[in-house]
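A structural walkthrough
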Amino acid sequence: MDKTQYKDVYVFVEQRDGVVQKVAVELLGKARELADALGERVVAMLLGHDISAKAEELIAYGADVVLCADERELAQYTTEPYAQAIAQIVRERKPSIVLIGATTIGRDLGPRLSARLETGLTADCTGLDISEERDLLMTRPAFGGNLMATIICKEHRPQMSTVRPGVMRAKEKDASRTGVVEKVDIHFDKSKFRVKVLETVKEQKNKIDITEAKVLVSGGRGVGNAEGFAMLGKLAETLGAEVSSSRAMVDAGVMPHDRQVGQTGKTVRPDLYFAMGISGAIQHLAGMEESGYIVAVNKDKYAPIFGVADLGIVGDVKKVVPLLTERLAALSKHNK
Amino acid sequence: MDFSLSKKEILFQQMIREFAEKEVKPLAAEVDEEERFPLETVEKMAKLGLMGIPFPVEYGGAGGDNMLYSMAVEELSRVCATTGVIVSAHTSLCASPIYEFGNEEQKRKYLPKLCSGEWIGAFGLTEPNAGTDASAQQTMAVEEGDNYILNGSKIFITNAAYAHVYIVMAMTDKSQGTRGISAFIVERDFPGFSIGKKEKKMGIRGSATCELIFENCVVPKANLLGKLGEGFKIAMKTLDGGRMGIASQALGIAQGAMDETVKYVKERKQFGKAIGKFQNTQFQLADLQAKIQAVRLLVRMAAWKKDKKLPYSVDSAQAKLFAAETAMEMTTKAVQFHGGYGYTREYPVERMMRDAKITEIYEGTSEVQRMVIAGALLK
Amino acid sequence: MKIVVCIKQVPDTTEIKLDPATGTMIRDGVPSIMNPDDKGGLEIALQLKDKYGAHVTVITMGPPQADDMLREALAMGADRAIHMSDRKFAGADTLATSNAIAGALRMLDFDLVITGRQAIDGDTAQVGPQIAEHLDLPQVTYVEDLQFDGNKTFTIRKSLEDGYQMVQVDAPCVITVLSSANKARYMSVRGIVEAYDREVEVWTYDNISVAEEKLGLKGSPTRVWKSFTKGAKAAGKVYEVEPNEAVDIIVEKLKEKFII
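All of these numbers come straight from a predicted model, not from anything done at the bench.

As a further point, take the overall build of chain C. Along its length, chain C carries 6 helices and 15 strands. Overall, chain C is about 70 × 40 × 40 Å in size when its C-alpha atoms are taken along their principal axes. When each of the 260 residues of chain C is scored for burial, the buried share is 47%. Sequence-distant contacts, at least 24 apart, represent 71% of the contacts inside chain C between residues at least 6 apart.

This is the structure:
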């Protein structure tokens, strides 16, 4: 394989119902960094139907080129039409790197493509970098987050990676950026379209997804029960925050699974994270230690959570939280 | 000599531990508190074949052995002694004597339903005036045409309220002493048979222990188990197996209390450190652990001998004696380690302590086990 | 109906601990288990066996001790077990793994291939779709529920982040299943008693027809470049004070760092 034929960093722009997903914007931000390091271009692959209007926005977020495949077959994601479209683009244009968000869609599409293109794919990456030899360094957690592994794909192109949502930083939108929007015609083999979507049901799983929250008030065993979480709810309300939970309280049935932070739950990186009565098992830390500022309150001064906290309080959450809520409420009133 | 578990036994242990942890443990406190027979657990166990572990597949059993059966009772009792004794009484005291002493017709009729768990089994020997002295049977069976007519009562019968089949001892010829006792298979709906009052017990409170009442109860002659006059021998042989089961139960209770204690002493802090860091704690736990492991070896040896069809009556008595007394000691100390919390129902160790006590009493008190052991020693 | 379920033996990662001195993973004494998502997939297959009399084959690629997991699958109710074991398969990344397994599947007759969504030791979720691609079969991932019409059509509920999707696909196809799809059954006692007396077929490189350069380390486009434990970030300050004072400290810090 002649690697020099392969150039540019391609990003799969995931959209659902015409709405570009947050992860795609994050990937454009990261792709920009990688492409700058390589001296190459960022190419956004925008697939869907009636979506050309979204192309300019992608340039503002860092793309140099937007390839727009506007086809009825691509209106809603299903594996085969999307795999055909991207495989065609990759074969025609030979990108060096293809980044895909590690969502349920991306992780359905990515491996299908890698097998079709006979190249490597690294799953659910949390770090991407360029090596001295200009290879993509793909870092991901392994063994339940206990170990990090950096993977390379040296002799195959493109180098493909699915990237965990919420980990990469999106660039500020810059309307002054310029770029090219190019329409791509896809030649489908419809005989391979064998999965029929009957219906897509949206479930309002909760108010705001915890991965989107700027401030999280998270509770663990020390919070104890639903009553304890109601107390956290009041603090969260005062701060305009969302409430999340450790695995222990999800297993205990106190909190729903979609509020769980950690290895088997969600990875969050809010600006401010309160760990209330959470001891900090390694699986939990894996999901929150990238948070901007971590405040931990725990009875046990040896709790591992204090190892990652920026501010630690040894004390009873049931005493500290109501006091803190009261004080913050008074402050916000004062500010108005 | 090989003390390791076979691959099959390891696989079985994996299954039964997971089952105990996920299906049995969550109900243990409630079953105790409400004195409720956990019928839903019996149904789950039946589906997996746990109600017929040591019996051949041709009689509907799982084709396993007494080692697996013993491990099952141990692991179930580790989290809930009530569930452990339900399986033990059913298997050792009802299905086993039918398998070992029943004729082909009786085996075909009763074992498949017992092994599948469709029917639950029980055993009636103890009477108000025949406890440790089991030979003093007052329940009478009189021959009348094709039937025996039973009159009398049995007390403290495990599983009684939910069982369908009972192995019942009754006097067929008083002049013959113990040789005048015969064993019968009694079905729940035989005329003249009824269940009496339910006991309010200290421990194993979910096991539905009741009185059996026979008022001109009609038992077909076909339901005589073994030969006429063999009842006492059948009862004693049955109890050899039963004691191995109860020893497994006591072992499980002791292990369960140890599990809870180890967890607690690592968490509980006094004087600035975990109480497990104090040498007093460590030395006491070390002694108890050594005893539990010794019990386990005695229990496994009794099960192994039964599987090998070697005499195991004394082994069974030794296992039960030491297991029961170790369970009592372990649970009592577990409560002590837990301090005031251990005395409350917030922690399971007080239940374990109440449950442990019965293992020193039923299927032969510790004194009876000593009689058996000493009898063999001094013969 | 014939079903093949691909299963993997994994270390129980919830039991993995780090050596506090060296920061390396302690693997000793960590029990091996059947990967939870794979177990969910096996349960779906066994339910189809209960309902439609499906024949269920389990297949794994792994070291000799994976035999115990295959016995577990047999004890749960699987009909046939295949253990792919060969030095030539070793060191495979997901693509090379999928090449080997797809090679074995080509030698089998099936209407449905089931894999777990992902294995807890790698969390890649890649092998299932890659197998589907090699076999040119449709795939449905993140399966929460599957209904069969008794003829050839599956109606499947597929989980999404913000809801679910109902899809329809005809046999043959590949699905990847979530452990939350069901509560997998326990092994039966009789199944356990018989498990080690039953046959587990051992398949090597010679049993499949896949070019050697597509297998194992040779057939793996990706390599681990380095692995490391996360460098602990410098811990912040920990205060052991009365609640009132604690709140003072928190509020002060928040004022400093954020606008409240």
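With that settled, consider the overall build of chain A. Regarding its fold elements, chain A presents 8 helices and 18 strands. For 336 residues, the compact-globule estimate of 2.2 N^0.38 gives 20 Å, and chain A sits close to it at 22 Å. Its C-alpha atoms give chain A principal-axis dimensions of about 65 × 45 × 40 Å. Within chain A, buried positions represent 54% of all 336 residues.

Before going further, it helps to examine the domain arrangement of chain A. With domains assigned, chain A is organised as domain 1 (3-192) and domain 2 (215-335). The gap between the C-alpha centroids of domain 1 of chain A and domain 2 of chain A is 34 Å.

Looking now at the interface of chain A and chain C. On the chain C side, the residues contacting the 64 residues of chain A number 65 residues. Every element with two or more residues in the side of chain A that touches chain C is listed here: α4 (106-117), β7 (121-125), β9 (136-142), β10 (147-152), β13 (196-202), β17 (293-298), β18 (311-314) and α8 (317-335) of chain A. Its residues assigned to classes, the side of chain A that touches chain C shows 32 nonpolar, 15 polar and 17 charged. Here β18(A) runs beside strand β15 (residues 237-239) of chain C; their pairing, made up of 3 bridges, is parallel. Paired with A:Leu311 across the bridge in β15(C) is C:Lys237.

Pairing between sheet strands relies on hydrogen bonds along the backbone, with the strands arranged either parallel or antiparallel. Reading across from one edge, β8(A)-β9(A)-β10(A)-β14(C) is the order of the 4 strands in this open sheet, with antiparallel pairing throughout. Whereas interior strands pair on both sides, the edge strands pair on one side only; in this sheet they are β8 (127-130) of chain A together with β14 (223-228) of chain C. Shown here is a sheet whose adjacent strand axes are inclined to one another by a mean of 25°, direction ignored. Here 4 bridges tie β8(A) to β9(A), and the two strands are oriented antiparallel to one another. Residue pairing across strands places A:Leu128 opposite A:Met138, the latter belonging to β9(A).

Here we come to the arrangement of the chains. No other pair of the 2 pairs of chains in contact has as many contacts as chains A and C. One finds no contact between chain A and chain B; the C-alpha atoms of the two approach each other to within 10 Å at their closest.

Another aspect to go through is the sheet that holds strand β8 (residues 112-116) of chain C. Ordered by their spatial adjacency, 10 strands build an open sheet running β13(A)-β11(C)-β10(C)-β9(C)-β12(C)-β8(C)-β1(C)-β6(C)-β7(C)-β13(C), and the pairing between neighbours is mixed. Since the sheet does not close on itself, it has two edges, and those belong to β13 of chain A together with β13 (201-203) of chain C, each with one partner. Ignoring which end each strand starts from, the neighbouring axes of this sheet average 30° apart. As judged from the 5 bridges shared by strand β1 (residues 2-6) of chain C and strand β6 (residues 55-61) of chain C, these two strands associate in the parallel manner. Bridge pairing in β6(C) places C:Ile3 opposite C:Val56. Along the sheet, helix α1 (residues 36-52) of chain C contacts β1, β6, β8, β9 (139-148) and β12 (173-177) of chain C; its crossing angle with β8(C), the most-contacted strand, is approximately 150°.

Side chains that are three or four residues apart share a direction in an α-helix, a result of its 3.6 residues per turn. Residues and elements named next belong to chain A. Taking 1.5 Å per residue, 17 residues should reach 24 Å; helix α1 (residues 22-38) reaches 25 Å between its end C-alpha atoms and fits that length. Those residues of α1 that fall on the buried side of the exposure criterion are Val23, Ala24, Val25, Glu26, Leu27, Leu28, Lys30, Ala31, Arg32 and Ala35. Two residues or fewer after α1 comes Gly39, characterised by a positive phi angle close to 70°.

Moving on to the pairing of strand β5 (residues 181-187) of chain B. Residue and element names in this part refer to chain B. For β5, the buried fraction is high: 6 of the 7 residues fall into the buried class. The pairing of strand β4 (residues 165-171) with β5 spans 7 bridges and is antiparallel. Bridge pairing links Ile167 to Ile185 in β5. Both β5 and strand β8 (residues 224-225) contribute to a ladder of 2 bridges, which runs antiparallel. Its bridge partner being in β8, Ala183 is matched across the sheet by Leu225.

Quick look at the interface of chain C and chain B now. Counting from both sides, the interface comprises 13 residues of chain C and, opposite them, 16 residues of chain B. Secondary structure elements with two or more residues in the side of chain C that touches chain B: α2 (66-76) and α5 (189-195) of chain C. Here the side of chain C that touches chain B takes 5 residues from α5(C), the largest share from any one element. Taken together, the residues of the side of chain C that touches chain B break down into 8 nonpolar, 1 polar and 4 charged.

For the rest of this paragraph, the subject is the packing of helix α1 (residues 7-33) of chain B against helix α3 (residues 66-79) of chain B. Residues and elements named next belong to chain B. The interhelical angle for the contact between α1 and α3, taken along N-to-C directions, is 30°, at an axis separation of 8 Å. On the basis of the axis angle, α1 is roughly parallel to α3. The two elements α1 and α3 meet at a crossing, and its hand is right-handed. Contacts between α1 and α3 involve Glu9, Phe12, Gln13, Ile16, Arg17, Ala20, Glu21, Val24, Lys25 and Ala28 on the former and, on the latter, Met67, Leu68, Met71, Ala72, Glu75, Leu76, Arg78 and Val79. When its residues are assigned to classes, the contact of α1 with α3 shows 11 nonpolar, 1 polar and 6 charged.

Overall, the prediction assigns chain C a mean pLDDT of 91, with 91% of residues at 70 or greater. The complex model carries a pTM of 0.86, and its ipTM stands at 0.94.

With that out of the way, let us pick up helix α2 (residues 39-48) of chain B. Looking only at α2(B), the buried set comprises B:Thr41, B:Val42, B:Met45 and B:Leu48. Taken down its axis, α2(B) places every buried residue within 120° of arc, on the same side. Among the exposed residues of α2(B), those oriented more than 90 degrees off its buried face are B:Glu40 and B:Glu43. Contact partners of the buried residues in α2(B): α1 and α4 (81-101) of chain B together with α5 of chain C. B:Gly49 lies just past α2(B) and shows a positive phi near 95°.

Reading guide: rules and limits
Residue positions within a chain follow its written sequence, with the count starting from 1. Written order decides the labels, with chains lettered from A and ligands numbered from 1. The model is predicted, so local features are restricted to residues of pLDDT at least 70 and side-chain atom pairs to those at 80 or more, both for listing and for counting; the totals for chains, interfaces and linings are taken over all residues. Helix and strand definitions follow DSSP, with helices as H or I runs of at least four residues and strands as E runs of at least two, each counted in order from the N terminus. To sort residues by exposure, count the other C-beta atoms lying within 10 Å of each residue's C-beta; 20 or more gives buried, 12 or fewer gives exposed, and values between give partly exposed, all with C-beta atoms placed from the backbone. Two residues form a contact once the distance between their C-beta atoms, set from the backbone, is within 7 Å. Only C-alpha atoms enter the radius of gyration, while the globule expectation follows 2.2 Å times N to the 0.38, with N the number of residues. Segment limits for the domains were obtained from an automatic or database-derived domain assignment. Asp, Glu, Lys and Arg are counted as charged, while Ala, Val, Leu, Ile, Met, Phe, Trp, Tyr, Cys and Pro are counted as nonpolar; the rest, among them Gly, fall into the polar class. Pairing between two strands requires that DSSP report at least two bridges joining them. Only the stretch in contact is used when fitting a helix axis, every axis being a line fitted to C-alpha atoms; angles between N-to-C directions are given from 0 to 180 degrees. Take the number of residues in a helix, subtract one, and multiply by 1.5 Å to get its expected span. Angle categories are assigned with fixed cut-offs, so that under 35 degrees is roughly parallel, over 145 is roughly antiparallel, 65 to 115 is roughly perpendicular, and the rest are oblique. Note on convention: the crossing is left-handed when the near helix lies turned anticlockwise from the far helix by less than a right angle, right-handed when the turn is clockwise. The predictor attaches a confidence to each residue, called pLDDT, with possible values from 0 through 100. By definition, the arc is the one covered by directions from the helix axis to the C-beta atoms.

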